[in-house]
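Each chain is listed here by its residues.
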Amino acid sequence: MGVNPIAEFAARIGTTGEVWIRGAGTRVESPGNVRTIDAPVGIRSFEPDEMTVKCGAGTRLSDLDDVLAERGQYVNLGQLRHPHGTVGGAVATGWNDHLRLGRGPVRDSVLEVHVVTGRGDVVKGGGPTVKNVSGFDLCRLMVGSHGRLGAIAEVTLRTRPLPRATCWLSVDDVDGSRIADLVAHLYRPSAVLWNGFVGWVCLEGHPSDIEAARTEMRDHGFSNQESMSGPDLAALPYRWSIAPRAVVAHVEERSGRVTAEVGVGVVHSDQVPPRRKTDAAIEDIHRRLTDSFDPERRLNPGAGDGLIR
Amino acid sequence: MTDAVLEALRSAIGSDGVRHNDAELRLFAHDASNLVGEAGVVCYPRSVDDVRRVIDVCRHFGIAFVARGAGTGLAGGATPIGGAVVICTTKMNRILDVDVTSRLAWVEPGVLNLDLTRHVGRFGLHFAPDPSSQQSCSIGGNVANNSGGPHCLAEGVTSAHVLACDVVLSDGSLVRLGGEEPESEGFDLRGAFVGSEGMFGVVTAICVRLTPDPLDVRTMLLDFETVRAGTDTVSAIIAAGMVPAALEMMDRLCLQAVEAYIHAGLPTDAAAALLVEVAGAPSAVAADAEAIERIGRQHGARTVRIARDEDERMLLWKGRKNAFGAIARIKPNYYLHDTVVPRRHLSDVLDHVYRIATEEDLMVLNVFHAGDGNLHPLLVFDKREPGVLDRVHRAGAAIVEVSVAHGGVLSGEHGIGLEKRDFMPLMFSEQDLRAQAWIREAFDPLGLANPFKVLPSPSGCGDAHAHVEGLWV
């Protein structure tokens, strides 16, 4: 008889003492002085004709990507930003990459989740099917929770067909008066990035449709060149989150270097973003959630942002 | 409802916003389900301040409140229990702002789903969730139920299209969950709120994502000699790496009923027909349509009818979206179910559905979202027939049980409400349900927002034995 990996994970977490759930450490480093635990590893089931995959949270993203790609599918877990992390790390942080405009946010990929609460209980949320409104949406709550409400043990994810083709283009001489015009002439691009001078566009789909889109861009005065990938964001480590409608003004009035995700509102910058205002009632909801799920604040202590305490 | 409460509500939002006559109380004692409760009073707020004032009165007197949009829900989610205050949002129906460039809109909760799509159509945009009730259901209700619709196969359900909700909590505070900005701090409270069936608070404004209209659309009708050939085609299409915009199925009885109603030339001798729509950029649409036709024929499709123009496309969709109107010609009453099963089990579960209906001597029609495995067995009956309601309820329970036994879930888009509340333990353990109660308590520690729904053991509120006429099990 095999050991149930979720029950075994819960037993290791136990009911007392601080614990840190270790992924690959590519997103968040462990604090060092806390007992570390690895999440279950491995793909439990992959159903290409259901477009679902179930796997342990400790499964490497690259391993998952390989298995899905064999059947022409992928799962959107922000891999462009962190290709080498774990599934659990991707879900716990909920961090998106710059294909969000076309592929949607990471939070929409999670169908079912098994977590271990700070009380040591195994809790399931969601369901294994691609559509489900049975009960409250624990899955959305867990994505981006940094494991502070529950240590993620296993997830079922929604997969998508790999695009027939992916093409990055760079477009020169795009100023604030032309960026909206560029976006208006694109049909559902996967990404539009812009630094105030140069635009980068990612188009995914049928090669003929991509070619037609490039011609349409040229017809409207946007000469474009194929680019190996999008812009290099490595030198812009900080993320500002602003309303998409404020992006043009933000880039034009920038201080320092920026590259903005047009239509999304993430601005990659070399400047630290200002602290955001918090609302007392929102803080109260956060506190009550954590009081219930992890009353002793023993899961991933210190992980997360200012609201998660 | 005491005179003191009525007086407090009238002075809070004005006499014309507070209704207490027998006709309206009866009308608001239920939603579109068969589940009848008891409305204490009906309030029509016109603004977020009105909503706050009504909730302040409810809190002061310790009375529960139930938010209600258009009342098209099918699970009793908006059915008030024990004389609750009904907060009807139909007069909060303004489209507040449309940002065409950023493709988002702010709306009040009473805006009807299709009205938003019509409003933004001139910009080449639409609101993707499209329940069959989209002409009459409200976006506030869509948020409460995390509603779906045929086109959610490719585009995702309501949660994927809601960026922010302004919500009045039961303590009277107004909070913004999520935001136009993409990365809010803290937990995804927006995501938790969508689908909370009115139990976390009352939404007063919603920021939705708008979707560009496709450049090209191809709508096809494929018909089959067996239901299994049709469902196998569904699985093969998905396995081939396509996610059509919609993938809908109707069985023979449904085809016959709809054809008698709309005269669209549907194949009434087929065991099942698939309505498939592919949408997007032209070359992808052409390639997918060709592949789907090939896969259909490989699986025994007798005919593949491709809509030649927009009129024919609309006619095919009219058949699908008006199936429930057509049913009224067969019997005066119907009970519409909503479960989801893995696609590969569609045929087996449908066999069980037909068996269950035969055993209970009921007529069943099936019209459903095959692409995402979302079944909608429709039991038709005449409630004047002695004992028929018991048989309908037994058949419904059996359908839910067989769906879950095949790895499915209780509801794909109608929600749990009262209808399936007591089935929740089929899917969730005690600990799972306790965790769901924690989420509710975090938003509504007073337990005043739409109590007694979704969770089988009411939490945070005392009246555990409220009687609801028509409640199952």
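Residues numbered from 1 in each chain as written. Chains lettered and ligands numbered in written order. Predicted model: local features only at pLDDT ≥ 70, side-chain atom pairs only at ≥ 80, totals over all residues.

(A) Representation of the environment of B:Ala395 within the structure. Residues and elements named next belong to chain B. Along the polypeptide, Ala395 turns up in helix 14 (residues 388-405). Among the residues examined, Ala395 registers 24 C-beta atoms within 10 Å and is labelled buried. Separated by 36 residues in sequence, Ala395 and Glu359 place their C-alpha atoms 8.5 Å apart. When neighbours within four sequence positions are excluded, Ala395 is seen to be in contact with Ile356, Ala357, Glu360, Leu362 and Leu379. (Helix = DSSP H or I, 4+ residues; strand = E, 2+ residues; numbered from the N terminus. Buried ≥ 20, exposed ≤ 12 C-beta atoms within 10 Å, placed from the backbone. Contact = placed C-beta atoms within 7 Å.)

(B) Broad picture of helix 16 (residues 430-443) of chain B. An ideal rise of 1.5 Å per residue puts 20 Å on 14 residues; helix 16 of chain B measures up with 20 Å between its terminal C-alpha atoms. Looking at the packing, one finds that the buried side of helix 16 of chain B touches strand 7 (122-126), helix 5 (138-142) and helix 9 (280-293) of chain A together with helix 7 (189-193) and helix 15 (424-427) of chain B. (Expected span 1.5 Å × (residues − 1).)

(C) Just the interface of chain B and chain A, in detail. The interface of chain B with chain A comprises 71 residues on the first partner and 62 residues on the second. Contributing elements (two or more residues each) for the side of chain B that touches chain A: helix 7, helix 8 (227-239), helix 10 (282-298), helix 15 and helix 16 of chain B. Looking at which element gives the most residues to the side of chain B that touches chain A, the answer is helix 16 of chain B, with 10 residues. Its residues placed into classes, the side of chain B that touches chain A shows 34 nonpolar, 24 polar and 13 charged. (Nonpolar A, V, L, I, M, F, W, Y, C, P; charged D, E, K, R; others polar.)

(D) Looking closely at the sheet that holds strand 5 (residues 95-99) of chain B. Residue and element names in this part refer to chain B. With antiparallel pairing, 5 strands are arranged side by side in an open sheet as 5-6-10-8-9. Lying at the two open borders of the sheet, with one neighbouring strand each, are strand 5 and strand 9 (174-178). Sheet twist, expressed as the mean angle between neighbouring strand axes with direction ignored, is 15 degrees. Relative to strand 10 (residues 202-209), strand 8 (residues 162-168) is paired through 6 bridges, and the arrangement is antiparallel. Of the residues in strand 10, the one forming a bridge with Val167 is Val203. Relative to the sheet, helix 3 (residues 48-61) contacts strand 8, strand 9 and strand 10, its axis offset from that of strand 8 by approximately 45 degrees. (Pairing = 2+ DSSP bridges. Axes fitted to C-alpha atoms, helices over the stretch in contact; angles between N-to-C directions.)

(E) Expanded view of the domain arrangement of chain B. Residues and elements named next belong to chain B. Split by domain assignment, chain B resolves into domain 1 (95-212), domain 2 (216-325) and domain 3 (331-405). Counting from both sides, the interface comprises 5 residues of domain 1 and, opposite them, 9 residues of domain 2. Considering only residue class, the side of domain 1 that touches domain 2 consists of 3 nonpolar, 2 polar and no charged. (Domains from an automatic or database assignment.)

(F) Region of interest: the pairing of strand 18 (residues 363-368) of chain B. All names here are of chain B. With respect to burial, strand 18 is a largely interior element, 5 of its 6 residues being buried. In the sheet, strand 18 pairs with strand 20 (residues 377-381) via 4 bridges, with the strands oriented antiparallel. Paired with Leu365 across the bridge in strand 20 is Leu378.

(G) Examining the domain arrangement of chain A more closely. Split into domains, chain A comes out as domain 1 (5-161) and domain 2 (165-269). If you look at the interface, domain 1 of chain A gives 6 residues, while domain 2 of chain A gives 12 residues.

(H) Representation of unusual backbone geometry within the structure. Residue and element names in this part refer to chain B. One non-glycine residue with positive phi stands out, namely Asp361, at about 55 degrees. The topology assignment puts Asp361 in the loop between helix 13 (346-359) and strand 18. Its 12 C-beta neighbours within 10 Å are what place Asp361 among the exposed residues. Non-glycine residue Phe452 carries a positive phi angle of around 80 degrees.

(I) Up close: the packing of helix 1 (residues 3-13) of chain B against helix 3 of chain B. All names here are of chain B. Running from N to C, helix 1 and helix 3 point in directions that differ by 160 degrees, and their axes come no closer than 9 Å. One finds that helix 1 runs roughly antiparallel with respect to helix 3. The two elements helix 1 and helix 3 cross, and the hand of that crossing is right-handed. Residue-level inspection shows Val5, Ala8, Leu9, Ala12 and Ile13 of helix 1 in contact with helix 3, the latter providing Asp50, Arg53, Val54, Val57 and Phe61. (Parallel < 35°, antiparallel > 145°, perpendicular 65-115°, else oblique. Left-handed = near helix turned anticlockwise from the far one by under 90°.)

(J) Representation of the sheet that holds strand 15 (residues 258-261) of chain A within the structure. Residues and elements named next belong to chain A. Spatial ordering of the open sheet is given by 13-10-12-11-15-16-14, a layout of 7 strands whose pairing is antiparallel. Strands at the two margins of the open sheet, each flanked by one partner only, are strand 13 (224-227) and strand 14 (238-241). Pairs of neighbouring strands in the sheet enclose a mean axial angle of 25 degrees, with direction left out of account. Taken together, the 2 bridges between strand 11 (residues 191-194) and strand 15 define a ladder with antiparallel strand orientation. For Trp194, the partnering residue across the bridge sits in strand 15 and is Ala260.

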